[in-house]
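# An overview of the molecular structure
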Amino acid sequence: MITLTVNGRKQSFHGAPFKRLIDVLRENFALTGTKEGCGEGECGACTVLLDGEPVNSCLIPVCQAEGRAVETVESLGAPEKLSKLQAGFLACGGAQCGICTPGMLMTARAHLKSGVRVDETSVREALSGNLCRCTGYQDIVKSVITAAKKK
Amino acid sequence: MRGDAKSMTVLSPRSAAEAVKAYAQAPAALPLAGGTDLMVAWNLGQWNGRAVLDLSRVAEWRTIKASAQGVLIGSLVTHSQIQAHPVLQKRFPLLVAACATVGAAQIQNRGTIGGNIANASPAGDTFPALAVYEATVRVIGPAGQRVVPIADIFAGVKKTTLKPGELIEAIFLPFVKTPTRGVFRKVGTRAAQAISKTMFAGLIWIGKDKKVTEARLSFGSLAPTVRRLHAAESFLRGRQLDPISINAAAELMTSDVSPIDDIRSTREYRLIVSRNLLVAFLKGEVK
Ligand SMILES: Cc1cc2nc3c(=O)[nH]c(=O)nc-3n(C[C@H](O)[C@H](O)[C@H](O)COP(=O)(O)OP(=O)(O)OC[C@H]3O[C@@H](n4cnc5c(N)ncnc54)[C@H](O)[C@@H]3O)c2cc1C
Ligand code: FES
Ligand code: FES
């Protein structure tokens, strides 16, 4: 049995210890917000926070998450009460097809919490491991900066 | 077939001694650190049915320790940890700069220096910096510990000189006198998430008489393994950096590197860009 904290709740997983974290989240914990794009560490769609740091959940066997804290996109807001970042993406058109969005939101969340000055350059650098086929990035960057400005 | 989790066995040693013992008992096991190389191959179905030696619980390999002689970086230290370390920032800025170019944040938060070395890609971004700092690799195995100079750890493309049952424990960086100039440059298709076409690390010490007292020059991605430019380095020693000596040093490059045409670039492009990087560094145009 493997225990880990997911979005603040203790969870246990009974199953193959080499199952990928993304599959455990989606199939065992019914947290389907996290998406798989490439399955090769390139696209960042599967980004979750592991002890607060953005990581690709497609490259982590769940045994390496034992005893650690995982945050997924479900930890942000709910449809009736969006988080600042989610509201920023909605207001600025930061999401189109939406596949990259959960990963973008989680990487952006870590960036906003890092204490680094939030500006166009730092946001582009922070999000450089998150690929988007739709938006051309401009509106994603705008979304994050808008969210950071909201008190 | 994709990676099949049910086909895998996981061994989880909690100390270096346990890791060596478990590896001796399961010599076909795949050591696993941050998984940013291994899990990509596993996802593609390459390693089904194997045992995995998960090193991530070996706490003593996760730390960075500075002493009077230098800095000892545990093999499980991530590229992010290296960038954040104040002594490494101050004394080994080329390594810090190299780690900042590995993949992007998600990769740097997981990928380790030990994994980078053990993976032995010709394009491993930390290698030129480790080469000019003359790092040594601390290896542990059934026969005990040994120390391997960084240049001797690589045997070829994706091949190391690690013997069966051996694991990388740490990398030691001896302090160097502050150089006159030091530079790390990576050239890839885009800034993030791109594999290097060429990369350069250089340290140079110039005396009061304007003559070079020492030059350490290294390229990655221009040969199966990382290379020091031995011929150019010894040519430059004792000379002033004027256009003639710089040009002559650049001509000597090809006695130590031999790039190839591949999916990322051509031999010719690699040589021209690398030569330009070297010349700009020697002229003091890149800082
Ligand atoms: C999207 C993406 C981008 C990348 N970009 C770059 C880049 O720009 N530059 C670059 O250099 N690399 C890059 N990489 C490759 C990789 O991230 C690095 O090589 C990283 O440092 C590997 O470390 P790891 O801990 O994740 O290794 P793992 O995947 O855990 O292991 C890699 C190999 O080393 C062996 N191993 C690991 N630790 C040890 C040990 N202590 N002793 C003995 N053997 C060991 C494993 O068995 C395996 O064969 C990238 C990877 C991805 C997926
Ligand atoms: S799905 Fe994990 S990085 Fe693309
Ligand atoms: S919105 Fe479609 S990939 Fe980003």
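Above this note sits the structure.
Right, let's walk through the structure included here. As the structure is a prediction and not an experimental result, all values here were calculated from the model.

## Examining the environment of B:Phe175
All names here are of chain B. Tracing the sequence through the fold places Phe-175 in the loop between β10 (167-174) and β11 (181-187). The class for Phe-175 is partly exposed, based on a relative accessible area of 22%. Between the C-alpha atoms of Phe-175 and Ala-33, which are 142 residues apart in sequence, the distance is 27 Å. Residues within four places of Phe-175 in sequence aside, it is in contact with Ser-67, Ala-68, Gln-69, Gly-70, Val-71, Val-87, Arg-91 and Phe-92.

## Some details on the pairing of strand β7 (residues 144-149) of chain B
Residues and elements named next belong to chain B. The pairing of strand β6 (residues 136-141) with β7 spans six bridges and is classified as antiparallel. Bridge pairing in β7 places Val-139 opposite Arg-146. Remark: two residues form the turn of the hairpin made by β6 and β7, two consecutive strands paired antiparallel.

## Overview of the sheet that holds strand β4 (residues 53-56) of chain A
All names here are of chain A. Here five strands make up an open sheet; going across it, the order is β2-β1-β5-β3-β4 and the pairing mixed. In this open sheet, the two strands that pair with only one neighbour each are β2 (9-13) and β4. Strand after strand, the sheet turns through a mean of 40° between neighbouring axes, direction not considered. Pairing of strand β1 (residues 2-6) with β2 involves five bridges; the strand directions are antiparallel. When the sheet's bridge partners are listed, Val-6 is paired in β2 with Arg-9.

## Observations concerning the sheet that holds β10(B)
Residue and element names in this part refer to chain B. Taken in spatial order, the five strands of this open sheet run β4-β5-β10-β6-β7, and their pairing is antiparallel. Of all strands in the sheet, those with a lone pairing partner are β4 (64-66) and β7, marking the two edges. The average angle at which neighbouring strand axes cross in this sheet is 20°, direction not considered. Most of the contacts of helix α1 (residues 16-25) go to β10, to which it runs at about 135°, and overall it touches β6 and β10.

Cut-offs and rules
Residues numbered from 1 in each chain as written. Chains lettered and ligands numbered in written order. Predicted model: local features only at pLDDT ≥ 70, side-chain atom pairs only at ≥ 80, totals over all residues. Heavy atoms only, no water. Helix = DSSP H or I, 4+ residues; strand = E, 2+ residues; numbered from the N terminus. Buried < 20%, exposed > 50% of the residue type's maximum accessible area, 1.4 Å probe, protein only. Contact = heavy atoms within 4.5 Å. Pairing = 2+ DSSP bridges. Axes fitted to C-alpha atoms, helices over the stretch in contact; angles between N-to-C directions.

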